[in-house]
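Residue strings, one per chain:
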Amino acid sequence: MDKNSEYNKQMEAFEEFLNGNWKSEDSFFHKKIVFLPFQLEKQNTQSFSFQRLAADSITQEKKVSQSHFYLSDDDDFALKIDKRGACGDVFLMARVITTKYDKVNNCILYCPQADKYFLINNSGEIILSGYSEFSYEKFSFELIFPLNSFRFIKESENENYLIISRNPDFSLTDCSYIKDALVVKNKKFKEVKAAVFKSDKYHDFIMLSGDEIKIPKALLMNNFEIFVY
Amino acid sequence: MYELYRNDFKVKSRVQLNRFVSEIVSIAREYINYLVYKNKIYLPDELTSYDAAIDLVAELFSIENNKLTTFSYHFKKLKPKPKTKAEFERALKSYVCSIIQNNLLGLYKIYDPITFKIIRNIKKAVREREYYITSYFTDKYIHRKPVDFKKGECIHRELLLTLYLKNDGSISANVTKIIDALFGIIETQKEYLSAIALQDLVYILKELITIKTEDYIKNFKSEEPKVFYKLLIQKLRKEFIFKIKKYLDKKNFSENDCKCVYNIIEEVLNHYENFTCRPSVRVLVETHYRGKNKNSFSNKIEYVLSLLNTEILKIIEEGNSYYAEVFKLQTESE
């Protein structure tokens, strides 16, 4: 048999995959990214990719009165916070700038100084409510990737959901209706800091208590997802 | 999972069912990533391998009397039967991969209509001509007489494309005729097998349809379609560079390799804009690439060019109903 034969190539690929010798990198489970305030005078300008920030900053809208940049250690991610609005109606809008991963909108943003988590919407925007009066330009922020996600797909013939865990080793150990909520359980939820509900119509933090997450019946749809961080 | 198999896929609890479904989706996601890694398929921007996996295996989880009937049926007729956990896991992975291969067309229908139309026309040609199809792990092979796949390898798709363009100045608008002509070429190449991998055929047809469409536009007496086409290419130039940058970042291309890719895209688009044939990938890589890993880089360029052709065909089809008619001429079998 020819060593380079099509059959041999296919068998090698088959064995490589079935034996688990090839593994893809899942960017979903990335370690957290820490953003520190960007200070121009401290930067080594030769190693710093100004082009990215410049490219983004020219897209500033007229309503933006002030912008601050924050950078990750590896320079792969940047955070831009704009002060928007005027006269008592001021709010902060942040945006993660990266070409590294498509799906940063599955992440949440954490501010250690305020011990507060923020959602990233589908357009990649983050509203930092109630922050405009603080010296937020000195704060640090963390982009937190999900520990896991659970896709809920309703079975057509009954009230049950098929629940797909992104990481099969972190599957749910219980799922039942209690009063007006669907309650899902896993011991690992005790280590979870935040849980987010996401469907076509609704996207928000959801109640996490001990080893369970309660999803109000009013939010239940045929297809939705819970992210835990 | 093994416990389920031993109980003929009778599900004891929802927890067990959910765990099993999660494992299957995980295998499917990994296989889709493997096909992308092997240059066999590409995923449109808006689709992740995880979402694709859920779509492609959803049909497997039908339950009757607490039994996962599809899995039960498959493993009942499987010979030899897996006797250990390791054997079962291999058999299960293999089954899930075969399901993905069979269902890929449905995914293209929703997310990549250009590739869907091309594969549909290939299938039609295979039926008409009663060609053979042999399925292997990462691809299906089409051949018009029995082939021993242990005796050699298939001709590389870029070489086949080059030979076709050299042999046949005029490209037929009919997919069946193009496939016939391709077989005519490979059957004279004694050092290669007389078979074409389906995904290689898709790659070649995308390129030929792009050339044919350009050719059609070039031969218009009026200048309007030519100007329209050039504008489309200029628009694509900006959009595609942005799109491909994401891919290069994800794949950790070095700065030099990125520059090479951009230069190659620029050269190919210049050819398209001027209605001339692009050089082969080998020549493009020889001209622009200075690194050591030419083979691996060539594979990546083929991937990029396949994406580029898909984008061109997409914008022509979407651009204007009149030009969509022009395009239709090339993708619908007569």
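Residues numbered from 1 in each chain as written. Chains lettered and ligands numbered in written order. Predicted model: local features only at pLDDT ≥ 70, side-chain atom pairs only at ≥ 80, totals over all residues. Heavy atoms only, no water.

### Considerations on the overall build of chain B
Inference 1: Looking only at helices and strands, chain B has 14 helices and 5 strands in total.
Inference 2: Relative to the compact-globule value of 20 Å for 334 residues, chain B shows a C-alpha radius of gyration of 22 Å, a close match.
Inference 3: If you line up chain B on its principal axes, its C-alpha atoms span 70 × 45 × 45 Å.
Inference 4: Looking at the 334 residues of chain B, the share that counts as buried comes to 54%.
Inference 5: Pairs at least 24 apart in sequence give 70% of the contacts found in chain B among residues at least 6 apart.
Inference 6: Taken as a whole, chain B presents about 15,700 Å² of accessible surface, with 50% of it coming from carbon and sulfur.
Inference 7: Across chain B, the mean location of the 56 positive side-chain charges is 5 Å away from that of the 44 negative side-chain charges. (Helix = DSSP H or I, 4+ residues; strand = E, 2+ residues; numbered from the N terminus. Rg over C-alpha atoms; globule rule 2.2 N^0.38 Å. Buried < 20%, exposed > 50% of the residue type's maximum accessible area, 1.4 Å probe, protein only. Contact = heavy atoms within 4.5 Å. Areas by Shrake-Rupley, 256 points an atom, 1.4 Å probe, with all protein chains shown as cover. Lys, Arg positive; Asp, Glu negative; His and termini not counted. Charge placed at Lys NZ, Arg CZ, Asp CG, Glu CD.)

### Focus on the nonpolar core
Inference 1: Counting 115 residues, the largest nonpolar core has Phe71 and Ile122 of chain B as the members making the most contacts within it.
Inference 2: Contact partners of Phe71 of chain B, with chain neighbours within four places excluded, come to Phe9, Phe20, Ile24, Leu60, Phe61, Leu92 and Tyr95 of chain B. (Core = buried A, V, L, I, M, F, W, Y, C linked by side-chain atoms within 4.5 Å.)

### Focus on the packing of aromatic side chains
Residue and element names in this part refer to chain B.
Inference 1: In the structure shown here, the tally under the stated rule is 39 aromatic pairs over all chains.
Inference 2: For the pair Tyr289 and Phe297, a centre-to-centre distance of 4.1 Å together with 10 degrees between the ring planes defines the contact as stacked. An identical accessibility class is assigned to Tyr289 and Phe297; each is buried.
Inference 3: Taken together, the aromatic side chains of Tyr2, Tyr5, Phe9, Phe20, Phe61, Phe71, Phe75, Phe88 and Tyr95 make up a single cluster linked through ring pairs. (Phe/Tyr/Trp six-rings, centres within 6.5 Å; stacked < 30°, edge-to-face > 60°.)

### Some words on the packing of helix α7 (residues 157-167) of chain B against helix α9 (residues 198-218) of chain B
Residues and elements named next belong to chain B.
Inference 1: The N-to-C vectors of α7 and α9 enclose an angle of 40 degrees; their axes lie 10 Å apart at closest approach. On the basis of their axis angle, the class for α7 and α9 is oblique. For the element pair α7 and α9, the recorded crossing hand is right-handed. Judged by residue contacts, Arg157, Glu158, Leu160, Leu161, Tyr164 and Leu165 of α7 engage Gln199, Asp200, Tyr203, Ile204, Glu207, Leu208 and Ile211 from α9.
Inference 2: Taken together, the residues that form the contact of α7 with α9 break down as 8 nonpolar, 1 polar and 4 charged. (Axes fitted to C-alpha atoms, helices over the stretch in contact; angles between N-to-C directions. Parallel < 35°, antiparallel > 145°, perpendicular 65-115°, else oblique. Left-handed = near helix turned anticlockwise from the far one by under 90°. Nonpolar A, V, L, I, M, F, W, Y, C, P; charged D, E, K, R; others polar.)

### As for the confidence of the model for chain B
Interpretation of the predicted coordinates at a detailed level should be avoided for regions scoring low in pLDDT.
Inference 1: The pLDDT averaged across chain B works out to 85; a share of 92% of its residues lies at or above 70.
Inference 2: Two numbers describe this predicted complex: its pTM, 0.82, and its ipTM, 0.82. (pLDDT = per-residue confidence, 0-100.)

### Section: the pattern of salt bridges
Residues and elements named next belong to chain B.
Inference 1: A full pass over the atoms with the stated rule returns 33 salt bridges over all chains.
Inference 2: A salt bridge links Glu128 to Lys124; its shortest N-O distance comes to 3.9 Å. Here the residue Glu128 and the residue Lys124 both occupy positions in helix α6 (residues 113-129), the gap between them amounting to 4 residues, near one helical turn.
Inference 3: Residue Glu128 is classed as partly exposed on the basis of its relative accessible area, which comes to 44%. (Salt bridge = Lys/Arg side-chain N within 4 Å of Asp/Glu carboxyl O.)

### Things to note about the sheet that holds strand β11 (residues 174-178) of chain A
All names here are of chain A.
Inference 1: Spatially, the 4 strands line up as an open sheet ordered β11-β12-β16-β15, and their pairing is antiparallel. On the outer flanks of this sheet lie β11 and β15 (208-209), each paired with one strand and no other.
Inference 2: Alignment of β15 against strand β16 (residues 212-216), held across 2 bridges, turns out to be antiparallel. Bridge pairing in β16 links Ser209 to Glu212. (Pairing = 2+ DSSP bridges.)

### Section: helix α12 (residues 281-288) of chain B
Inference 1: Every buried residue of α12 of chain B is listed here: Val281, Leu284, Val285 and His288 of chain B. All buried residues of α12 of chain B project into a common sector of 95 degrees when viewed along the axis, lining one side. (Arc of directions from axis to C-beta.)

### Here we look at the sheet that holds strand β4 (residues 140-143) of chain B
All names here are of chain B.
Inference 1: Strand order in the open sheet made by the 3 strands is β3-β4-β5, with antiparallel pairing throughout. Edge positions in the sheet fall to β3 (132-135) and β5 (196-197), since each has one partner strand and no second.
Inference 2: Pairing analysis gives 4 bridges linking β3 to β4, with the strands arranged antiparallel. For Ser135, the partnering residue across the bridge sits in β4 and is Lys140.

### Here's the deal with the pairing of strand β9 (residues 148-154) of chain A
All names here are of chain A.
Inference 1: Most of β9 sits out of view: 5 of its 7 residues are buried.
Inference 2: Inspection of the sheet shows β9 paired to strand β10 (residues 161-165) by 5 bridges, in the antiparallel sense. Within β10, the position partnered with Phe150 by the bridge is Ser165.

### What to know about the interface of chain B and chain A
Inference 1: Each side of the interface is counted separately: chain B has 44 residues, and chain A has 43 residues.
Inference 2: Taking both partners together, chain B and chain A bury about 3,900 Å²; carbon and sulfur atoms supply 53% of that area.
Inference 3: By the criterion of area lost to chain A, the three top residues of chain B are Tyr50, Arg90 and Lys150 of chain B, representing 17% of everything that side buries.
Inference 4: Across the contact surface, chain B and chain A share 5 salt bridges.
Inference 5: Between the two partners, chain B and chain A, sit 23 residue pairs in polar contact (both at pLDDT 80 or more).
Inference 6: At 17 residues, helix α2 (residues 14-37) of chain B tops the list of elements feeding residues into the side of chain B that touches chain A.
Inference 7: Each residue belonging to the side of chain B that touches chain A can be placed in one class, and the counts come to 18 nonpolar, 9 polar and 17 charged. (Buried area = accessible area lost by both parts, 1.4 Å probe. Polar contact = N/O pair within 3.5 Å; in protein donor to acceptor, adjacent residues only side chain to side chain.)

### Observations concerning the side chain of Arg84 of chain A
Residues and elements named next belong to chain A.
Inference 1: Mapping Arg84 onto the fold places it in strand β3 (residues 78-84).
Inference 2: Overall, the relative accessible area of 15% leaves Arg84 in the buried class.
Inference 3: Among the polar contacts made by the side chain of Arg84, one reaches the side chain of Asp82 at a distance of 3.5 Å.

### Considering the side chain of Thr310 of chain B
Residue and element names in this part refer to chain B.
Inference 1: Relative to the assigned elements, Thr310 resides in helix α13 (residues 294-319).
Inference 2: On the accessibility criterion, Thr310 (1% relative accessible area) is buried.
Inference 3: Non-local contacts of Thr310, meaning those with residues more than four positions away in its chain, are made with Tyr42, Asp112, Ile114 and Lys206.

### Focus: helix α11 (residues 255-273) of chain B
Inference 1: For α11 of chain B, which comprises 19 residues, the first-to-last C-alpha distance of 27 Å matches the rise-based estimate of 27 Å (1.5 Å per residue) to within 8%.
Inference 2: Three or more residues of α11 of chain B are buried, namely Cys258, Cys260, Val261, Ile264, Ile265, Val268, Leu269, Tyr272 and Glu273 of chain B. (Expected span 1.5 Å × (residues − 1).)

### Structural notes on the environment of Cys107 of chain A
Residue and element names in this part refer to chain A.
Inference 1: Positionally, Cys107 belongs in the loop between β4 (91-97) and β5 (108-111).
Inference 2: What makes Cys107 buried here is its relative accessible area of 2%.
Inference 3: Along the backbone, Cys107 and Phe28 are 79 residues apart, and their C-alpha atoms lie at a distance of 8.9 Å.
Inference 4: Sequence-distant contacts of Cys107, that is, excluding residues within four places in its chain, are made with Ile120, Leu143, Ile144, Phe145 and Tyr229.

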